[in-house]
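In case you want the letters, here they are:
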Amino acid sequence: MHDEPVAVARDLVLELFPLARWAVLAGSVLTAHRTPGSDLDIVVVLPDGDSQAPHRDSRYYRGWPVELFVHDEQSMTYYLDRDVAERRPVLHRMIATGLPILGDPGDRPARCARVLAAGPRGLSDADREYVRYGLTDLLDDLAHAVDAGERTVIATALWTASAQQALALAGHWTGTSKWLLRELRDLDADLAERWLAAAGDPVATAKFAREVLDTAGGPLFEGYRAAGVRPR
């Protein structure tokens, strides 16, 4: 039998990081999504310049699987900025929705919540063209695949990409694994169900991808041009 998660998380932080400024417990263990396999996601903030920051640590503690995300303020700022650039607000969500278990995170949760509410930056014209080109390319590969194995792999890649790009085109945060579905459901529950229904079906996947592609302006191949980066 697992011990109570908040007390366990606090004890672990105090044991490993006695000088921690603050820590929050986050993740599904605090929500209705909790399962017997839920782990303890713990964000720990150490004093500025602490040599242990940043790092990630996975372990078991008192029967709980634990994921520790350890930072000081400088590294936390870096990874929060990276979240925004990648349109996948993992750390923002943990801090904004987590439960403080040690110290005082100050206004960090509120700041992270504002970022979550604002959503990612809008796509530039070049970004939208890249989305159109990428989906067009995958659809073309799928249409002309003759090897059954390759057709399965291409359809799987297209299925995932179409959900990711639907979120990007809508100005919504994205995710991976279960969070890709959660973000899609948050955007449009009906769209998410159509996406799930297309899983494993190349024909249905192609239909769903074309639906997403049409919202971006349709297929794009001839005339597509993307500037590269000249190395210094």
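Relevant structure appears above.
On a predicted model such as this, the values are computed, not experimentally measured, just so you know. (Residues numbered from 1 in each chain as written. Predicted model: local features only at pLDDT ≥ 70, side-chain atom pairs only at ≥ 80, totals over all residues. Heavy atoms only, no water.)

### Re the layout of surface pockets
Thinking step 1. Of the voids in this model, the largest pocket is the one considered here, and its volume is about 1200 Å³.
Thinking step 2. Among the elements of the structure, β3 (55-61), β4 (64-71), α2 (73-86), α3 (90-97) and α7 (178-187) are those that each provide at least two residues to the lining of the largest pocket.
Thinking step 3. The element best represented in the lining of the largest pocket is α7, accounting for 6 residues.
Thinking step 4. Each residue belonging to the lining of the largest pocket can be placed in one class, and the counts come to 11 nonpolar, 14 polar and 14 charged. (1 Å grid on protein atoms, 1.4 Å probe; cavity = no way out; pocket = protein on both sides within 12 Å on 5 of 7 lines; lining within 4 Å. Points joined across faces, edges and corners; volume = space filled by probe spheres on them. Helix = DSSP H or I, 4+ residues; strand = E, 2+ residues; numbered from the N terminus. Nonpolar A, V, L, I, M, F, W, Y, C, P; charged D, E, K, R; others polar.)

### Some details on the packing of helix α8 (residues 189-198) against helix α9 (residues 202-215)
Thinking step 1. α9 packs onto α8 with a crossing angle of 150° between their chain directions and a minimal axis gap of 8 Å. In terms of orientation, α8 lies roughly antiparallel with respect to α9. Considering the relative orientation of α8 and α9, their crossing is left-handed. Of the residues in α9, those touching α8 at Leu191, Arg194, Trp195 and Ala198 are Ala204, Thr205, Phe208 and Glu211. (Axes fitted to C-alpha atoms, helices over the stretch in contact; angles between N-to-C directions. Parallel < 35°, antiparallel > 145°, perpendicular 65-115°, else oblique. Left-handed = near helix turned anticlockwise from the far one by under 90°. Contact = heavy atoms within 4.5 Å.)

### A closer look at the nonpolar core
Thinking step 1. Counting residues in each nonpolar core, the largest one holds 28 residues, and the members touching the most others are Leu135, Leu139, Leu142, Leu158, Leu184, Trp195 and Val212.
Thinking step 2. Among the elements of the structure, α5 (125-144), α6 (148-169), α7, α8 and α9 are those that each provide at least two residues to this core.
Thinking step 3. If one sorts the elements of this core by residue count, α6 sits on top with 9 residues.
Thinking step 4. When neighbours within four sequence positions are excluded, Trp195 is seen to be in contact with Trp159, Ser162, Ala163, Leu180, Leu181, Leu184 and Phe208.
Thinking step 5. In terms of nonpolar packing, the next biggest core, distinct from the first, is built from 22 residues, Leu12, Ala20, Val29 and Leu102 among them. (Core = buried A, V, L, I, M, F, W, Y, C linked by side-chain atoms within 4.5 Å. Buried < 20%, exposed > 50% of the residue type's maximum accessible area, 1.4 Å probe, protein only.)

### Some points on the side chain of His172
Thinking step 1. Locating His172 in the fold gives a position in the loop between α6 and α7.
Thinking step 2. Given the relative accessible area of 13%, His172 is considered buried.
Thinking step 3. Of the polar contacts made by the side chain of His172, one reaches the side chain of Asp186; its length is 2.8 Å.
Thinking step 4. Excluding anything up to four places from it in sequence, His172 contacts Arg87, Pro120, Leu167, Glu183, Asp186 and Leu187. (Polar contact = N/O pair within 3.5 Å; in protein donor to acceptor, adjacent residues only side chain to side chain.)

The values reported here are purely geometric and, on their own, carry no functional implication.
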